[in-house]
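Letter by letter, the chains look like this.
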Amino acid sequence: MKLLLLQTIFLAIIFKATLQKLDKQTLNIGAIFFKGENDLELAFDTAIQDINYLNQEYQLEFNPIKHYLSEDDSIILQEIACDLLNNGVAAIIGPSSATKSDIVNVLCNITGIPHLQFDWHGEETDMVLSKYFYTINLAPSVQVLSQAYLDIVKNNPLNWKSFTIAYETSSDLSRLQHLLAWKQFHKTGVKLIPFNRNDDYRVLWKLIKNSRERNVLIDCPADIAVKVMQEALNFNMTTSFNSFFLTNLDTHTSDLQSLMSEKFLSNVTSVRLRSYIPPPQHSETDVFDPGEKETIHTLRQQNIYDALVLFYNAVQQAFQPDPIPPPEVSCMRGFWDPGNDLIDRMKKMNPKHIEPHYKTQKMLLNPHGIRDDFNLDVYDAMIDETISVWNKQHGLVPYDHLMANFTRKLVKHRKKGDEAEKLKKKVKYTVATRIGEPYFMIREEPEGVHFEGNDRFKGYVVDLIFELSKDLHFDFVFEPVPDNKYGSLDPVTNEWDGIVRQLMDNQAQMGICDLTITQERRTVVDFTVPFMQLGVQILYSKPPPPKKELFQFLEPFSVEVWLCLLIALLLMSLIYVLLARFTPEEWQPADDPNSVQLVWSLRNSLHLHINSVLQVGCDILPTANHMRLFTTFWWIFALLMAQTYLAKMTSFITASKMDGQIQNLHDLVQQNKIQFGTIKGGSTSQFFSESNESEYRLAWNKMKTFKPEALTKDNKEGVDRVRHSKGRYAFLIETPNLQYYAKRHCDLMPIGEPFGEKLYGIAVPLNAPYRSELNVGILKLSEQGFLYKLKREWIFNNNTVMCEDEPTASQDGSQMDIETLLGVFVVLQLGVGIALLIGVVEFIWYTYKMAAREGIHPKEALKKDFQFFLRFWIVKKPLKMYKRHGSRSQSSGGSQPLGSLPLTTSTTATTGSTATEKQKKKVKRRKRGDKGSGE
């Protein structure tokens, strides 16, 4: 009986144990939520359901115990935590970072109950983390996330060099610590702008616009991201050349796609934890059934789900199929030993072969229970397309490269029609410029023709941008700046103007004209490689040609000198005659042996003195000593006067070509008659004002002191001032512009050699991504000769040259033209004419005298002499050419013909009668007197 009873009891015990083994073990999981955190509660419930559904054949079931907080009160939180511990929970998840208390961490570390966190809580220092061994946090490590943000900003596709950080004050800036340490806080580095959730976001964007930054990093909650970005439209900050980086890991839930429009063309980049992608399914139930929608989207939801999956897999590895010892702890006593093993397994858990799968990829924890290894999606927030993937070991890797490495290709996300159209559309640049010849000009409209758009303009830069747009495939629109200035910094207001200001204010993406690359401008904008090299030169008006005087050869001496020279010549000749009259040596024997004859008549004296001035010889010279001394001093005077005239004539001809001209900048600075200036606020004025060379500094100081002001608003004003100043103003202008205006205005000319090498380039905003493409395009055009072609067409303008490049030899003074020497020829003609007139008068007088002596009619004598004059081949003339009245030959027919006259001077008259001895003596005396007069 006893044996039967013992067998029955034994069977009952075995049966009871078998029933216990067949029953599922239940583990309580505690959760603490704030009221209103419905999305977190949903993720918690979903995870519990998925785990319990997966374990239908296993003897384990999670039983959720949820408590709620209405406010952040550490005492209430402690009571809730103690209540969960008293209910025997095997793990506590929560609360969120909305609480500042760490009481749950403390209680879990006292009791050995695993504490699962899904949000960022405080600092991640080793000292702090070592106190909470039983706490596991699945939120990405702040340190690692900060490094990821730095890598994203520094590399493609962003590749920022400077940026502005706009952060909502509730954000944790520790996630940006690497970025804040990377760049200095100044206008060309990192700028910080805080704002509050309930602020007027227009104030935020006004501050960002004033910072003149195109790259903006925004750190704000995802639920206000759309409102913040929407206000950027009102400040023209959403062009295709603005770039934004939203650092919140939940940005993909904010519906930024709703902002996409023709006005919102900016690149918006964001990040998120890369989700787990299940293997492709080859079967489908219903192609028209999209299936169940994913309810877990946010980072915290994913972390809650993954935390429960991690805890479940740790329990499975530690205890299955054995039962789990239930926790028997209270708030301030007891310790659950299995908790230590579970924490250690969770920290070392391999993410592979996890069921159910994590919601995110690469769930790895460090020894402190912090998730420091994960994959980040870097994606275009406007079209939800992955661009790159970041990982701690691999860094930032383009998504296309990852896809190329897969043995099987994943199906890419399809783009919507509008998004695809956006990507295919050409980029359209606004090109800021200024009106100024020959670079950018308004095209004249013929009658009946109207131009629109870019066809309204013409010029060097217009053709250059058109050619670049064809090579680089972009659209553009020209926008002349309102103030028509290049761009200079006002030292009073510290503000830029002109083209540079438009680029800084995001009103344009390019700036082009005759814009010089300077160091000051490069601090606020970037420049492409130069498309033109140049210097500075002086533009001056051509001096009027010297007035052509008929007797210009007389100008070396004044009228007084010429009169004194003439008076001296006459007076010295007269004195010479008077002095000779009482000098016995100057009296020569005459034909009459009883008389002497004075050689120095007034005619001979004038002949000697004139020949001395002209430095030619004379056939008669004085014999008396005092006469020779007199003549010697006259020769000295004549020599000095002649040489002085020649020297003055040479210098006068040279000086007349150079009178009033400047040769270089040094001459211009040293004189005080000619004012000079350049464009106010341009690169040339900056060159002079900032130069360390004394001559350039002196030139700048003089330019500032001129009254009226010597600086002009543009090149055209300076050129007009040079043309109208009549040599009283010179303009310092860049060489291409000088060549352009000198070609079209023949009254202008360059002075000196170019100085101050300068370069023209296309200005773009700082760190503009398209600058490298423009550089390649400009270099290509240069190699093809297109830039030279443009310069020849617009600067040199070979087709419509109005002025010759080089002056002729007579124009530049190297040769004297006929107008200069016309007076000399006039004097020669006048002298020859007077000589001829005197010769004719003397001839007539001599003929009349001989006719009277021979007793013939004067007309007959003139006729005979004229006939003899016409026979130029006869070189000997008879002394007797005329007959007396009443001779036989006269009665028989007049005088003998010239052809019958004897050819020798010894022949007497044809009548055969010989002259008397007295007549012969008279002839000899007359001949001797004529010879003396000729000398």
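Below is a summary of the structure that appears in this document. Computed from a predicted structure; not experimentally measured. (Residues numbered from 1 in each chain as written. Predicted model: local features only at pLDDT ≥ 70, side-chain atom pairs only at ≥ 80, totals over all residues. Heavy atoms only, no water.)

### A few points about the sheet that holds strand 22 (residues 532–541)
Across the sheet, which stays open at both edges, the 4 strands sit in the order 25-26-22-27 with mixed pairing between neighbours. Looking at which strands have only one partner, the edges of the open sheet turn out to be strand 25 (675–677) and strand 27 (748–760). Strand-to-strand, the axes of this sheet are offset by a mean angle of 20 degrees, without reference to chain direction. Pairing of strand 22 with strand 26 (residues 729–734) involves 4 bridges; the strand directions are antiparallel. Its bridge partner being in strand 26, Ile538 is matched across the sheet by Leu732. Most of the contacts of helix 24 (residues 735–744) go to strand 22, to which it runs at about 45 degrees, and overall it touches strand 22, strand 26 and strand 27. (Pairing = 2+ DSSP bridges. Helix = DSSP H or I, 4+ residues; strand = E, 2+ residues; numbered from the N terminus. Axes fitted to C-alpha atoms, helices over the stretch in contact; angles between N-to-C directions. Contact = heavy atoms within 4.5 Å.)

### As for the environment of Phe235
Relative to the helices and strands, Phe235 is located in the loop between helix 9 (225–230) and strand 9 (243–246). Here Phe235 falls in the buried class, since its relative accessible area comes to 17%. Along the chain, Phe235 and Asp505 lie 270 residues apart, while their C-alpha atoms are 9.8 Å from each other. Ignoring sequence-local partners within four residues, the contact set of Phe235 consists of Arg202, Trp205, Lys206 and Lys209. (Buried < 20%, exposed > 50% of the residue type's maximum accessible area, 1.4 Å probe, protein only.)

### Some details on unusual backbone geometry
Omega for the bond connecting Glu437 with Pro438 falls within 30 degrees of zero, at -10 degrees, which places this linkage in the cis form. In this model, Lys707 is joined to Pro708 through a cis peptide bond whose omega is 0 degrees. Look at Asp255: it is not a glycine, yet its phi comes out positive at around 65 degrees. With respect to the element layout, Asp255 can be found in the loop between strand 9 and strand 10 (267–273).

### Brief notes about the packing of helix 3 (residues 74–86) against helix 4 (residues 103–111)
Their axes nearest at 9 Å, the elements helix 3 and helix 4 cross at an angle of 30 degrees. For the element pair helix 3 / helix 4, the angle class is roughly parallel. Note that helix 3 runs across helix 4; the crossing there is right-handed. Residues Ser74, Leu77, Gln78, Ala81, Cys82 and Leu85 of helix 3 pack against Ile103, Val104, Leu107 and Thr111 of helix 4. (Parallel < 35°, antiparallel > 145°, perpendicular 65-115°, else oblique. Left-handed = near helix turned anticlockwise from the far one by under 90°.)

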